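Single-letter residue listing:
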Amino acid sequence: MSLSKTLELDAGGGGSGPSSRGSSLVPSPAHSANCSYYRTRTLQALTSEKKAKKVRFYRNGDRYFKGLVYAVSSDRFRSYDALLMELTRSLADNLHLPQGVRTIYTIDGSKKITSMDELVEGECYVCASNEPYRKVEYTKISVPSWKPGASRPEVREGRESKDYIKPKLVTVIRSGVKPRKAVRILLNKKTAHSFDQVLADITEAIKLDSGAVKRLYTLDGKQLTCLQDFFGDDDVFMACGPEKFRYAQDDFVLTHSTKTPTFVNECRTKGSRSAAPSKTTTPKTPSGSGFSASRTPPKGPARTKSPGPGENQSEISLTNHTAPFSRKYQVGKVIGDGNFAVVKECVERSTGQEYALKIIDKARCCGKEHLIENEVAVLRRVRHPSIIQLIEVDETPSQLFLVMELVKGGDLFDAITSSTKYSERDASAMVFNLAGAIKYLHRMNIVHRDIKPENLLVCEYPDGTKSLKLGDFGLATVVEGPLYTVCGTPTYVAPEIIAETGYGLKVDIWAAGVITYILLCGFPPFRSENNVQEELFDQILRGKLEFPSPDWDAISLPAKMLISQMLQVNVDTRFTAEEVLSHPWVTVRAHTRQLQLL
Ligand code: PIT
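In this report, the structure presented in the accompanying data block is examined. Please read these numbers as outputs of a predicted model, since none were measured by experiment.

1. Considerations on the pattern of salt bridges
Okay, so step 1: Summed over the entire model, instances satisfying the criterion amount to 17 salt bridges.
Okay, so step 2: Overlapping salt bridges bring together Glu86, Arg89 and Arg364 as one network.

2. Digging into the site of the ligand
Okay, so step 1: Around the ligand sit 16 residues in total, of which Lys358, Glu375, Glu405, Val407 and Phe473 are the nearest.
Okay, so step 2: One of the backbone N or O atoms of Glu405 is found 2.6 Å from an oxygen atom in the ligand.
Okay, so step 3: The contact in question runs from an oxygen atom of the ligand to an N or O atom on the backbone of Phe473, over 2.7 Å.
Okay, so step 4: Only strand 14 (354–361), helix 7 (369–381) and strand 16 (399–405) provide two or more residues apiece to the shell around the ligand.
Okay, so step 5: Its residues assigned to classes, the shell around the ligand shows 11 nonpolar, 1 polar and 4 charged.

3. Observations concerning the packing of aromatic side chains
Okay, so step 1: Under the definition given, this model contains 14 aromatic pairs.
Okay, so step 2: An aromatic cluster is present here, built from Phe57, Tyr70, Phe77 and Tyr125 joined pairwise through their rings.

4. Focus: the sheet that holds strand 2 (residues 53–59)
Okay, so step 1: One open sheet accounts for 5 strands, arranged 3-2-6-4-5; its pairing is mixed. Single-partner strands in this sheet number two, and they are strand 3 (68–72) and strand 5 (112–113).
Okay, so step 2: With 5 bridges joining them, strand 2 and strand 3 adopt antiparallel strand pairing. In the strand pairing of strand 3, Lys54 is matched with Ala71.
Okay, so step 3: Its contacts with the sheet put helix 2 (residues 80–91) on strand 2, strand 3, strand 4 (103–106), strand 5 and strand 6 (124–128), and the angle it makes with strand 3 is roughly 155 degrees.

5. A word on the packing of helix 9 (residues 424–443) against helix 11 (residues 507–521)
Okay, so step 1: Contact geometry for helix 9 and helix 11: axes closest at 10 Å, N-to-C directions at 170 degrees. One element, helix 9, and the other, helix 11, form an angle in the roughly antiparallel class. Contacts from Glu424, Ala427, Met430, Val431, Leu434, Ile438 and His442 of helix 9 reach helix 11 at Asp508, Ile509, Ala512, Ile515, Thr516, Leu519 and Leu520.
Okay, so step 2: Split into classes, the residues belonging to the contact of helix 9 with helix 11 amount to 10 nonpolar, 2 polar and 2 charged.

6. Overview of the pairing of strand 2
Okay, so step 1: The element strand 2 is extensively covered by neighbouring structure, given that 7 of its 7 residues are classed as buried.
Okay, so step 2: Taking every second residue as pointing to the same face, both faces of strand 2 are buried, with Lys53, Val55, Phe57 and Arg59 on one and Lys54, Arg56 and Tyr58 on the other.
Okay, so step 3: In this sheet, strand 6 lies alongside strand 2 in parallel orientation, the contact comprising 4 bridges. Of the residues in strand 6, the one forming a bridge with Arg59 is Cys127.

What counts and what doesn't
Residues numbered from 1 in each chain as written. Predicted model: local features only at pLDDT ≥ 70, side-chain atom pairs only at ≥ 80, totals over all residues. Heavy atoms only, no water. Salt bridge = Lys/Arg side-chain N within 4 Å of Asp/Glu carboxyl O. Near = heavy atom within 4 Å. Polar contact = N/O pair within 3.5 Å; in protein donor to acceptor, adjacent residues only side chain to side chain. Helix = DSSP H or I, 4+ residues; strand = E, 2+ residues; numbered from the N terminus. Nonpolar A, V, L, I, M, F, W, Y, C, P; charged D, E, K, R; others polar. Phe/Tyr/Trp six-rings, centres within 6.5 Å; stacked < 30°, edge-to-face > 60°. Pairing = 2+ DSSP bridges. Contact = heavy atoms within 4.5 Å. Axes fitted to C-alpha atoms, helices over the stretch in contact; angles between N-to-C directions. Parallel < 35°, antiparallel > 145°, perpendicular 65-115°, else oblique. Buried < 20%, exposed > 50% of the residue type's maximum accessible area, 1.4 Å probe, protein only.

Here it is as structure tokens:
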């Protein structure tokens, strides 16, 4: 499930789209819609290095911007596309890179970077939209003293833009033998000035037996090296003195996924002595305690648990905000991630029932709150066999938790990459599921706006049959009039979105048409051979559909007819979801599948 490959740009047309801010339509080599699109991602996934590379990014032609340092790793950015999105989020605004970060140049402009693997530890790069590289003495704007071997970290952060600092409550646990101390610290622009100062504050708070806190690690063993590392996906850290960090993941098995230190034995608050829960095991809690056990999506706004006594966030607090959640669920491995969310497997302790848990980092979706609100509001309203079901919602001051139905077969993107194309029967069954989900949404006037293979999960049944479930409602919204917000993913984006003439429900049918085409031949209908987004958009606007030989020679005429109807540039002649569902290519095969199942 993709959580990050989505683009949004307000066209500023006074439309009724949810965003009124300019952001960016971000292209990506991975979405450039040429035939190597799928292979690109797979190769990247295979070769990308796990270890983070510290690199600095400048803005093309910007003489005053001192650059932003990122620790780039395949853990942090699932793809090059996700990195471009993140850079867009941090570097682009109405003035700078208004079309988002689309190209990364080497510092001298001699080469374009096309994958994360090409980034070199300690090097500087220049981010551009589509314009050519502009020569500026970038490295003289800011001396890159953060390079490997540079002495102290204070310089490396002193002059950086600190835009990434958003209020965030972190938990720091003393490493070493149990019982361990843990403290909770609020980081924000007032409390976090430099990496060293935060280390000193943590030292003061946690008082390691071995003296000062020298190093901090995430629970999966990655060392924090700069202030920005506090503001990533992790919010629980291990603090070490000069001694060697002993990484014992099993120590955290019960809790580390929810990032909840229920193994904490001893806590300190500022100005108070320790007062600690004295359990090292996860407490057994009656099911439902502190949490709705209902499978019915709760009505009304997401519940917010207001801080109780002693939970003043400006102090180091004893309170563990996620405790009720981790008592109810055991959280497991990551099954998807993105810019400001991660999806993990989880198990309801009382029933053994497995779910998917989407954890949204509130600090990182600053300015995008309307999208999260839309997502939750829409998810709460929907219930359909071809749509991922929301089970319940909870939140802490820093995170939002969406417990959802678990689908274990991966997403259609991965399925396509491993099997290239499908039989007409399989493809038709998938279109049947997808069109069913769309019909249901459209009846409620909900437009998904980001239908693509990454957002379709594959359900595998014991008899070997498969079906699709639609997820990621991050861009979904209720249609009350023409929408103008430019969003989606280039390969699947409908012409009326690009034309900015106002769009509605039928953009989902267009995307479904693109997916149907890909399912049958393995490549998208509208492509730019040179990876140029303008070229791709031009193809989409023209809507000239071809079924090139030999790939399409063996495909039936009804399949081609249906795709042609779904990919009509003219919205009025484009099929509705109902028309797709009653098309012979779908009904015949759907019936066949039903028979197979009997
Ligand atoms: C799964 C398995 C998986 C991902 C998901 C569910 C995610 C689903 C999802 C994500 C959203 C959303 C709705 C559903 O709005 O790998 O069972 O962002």
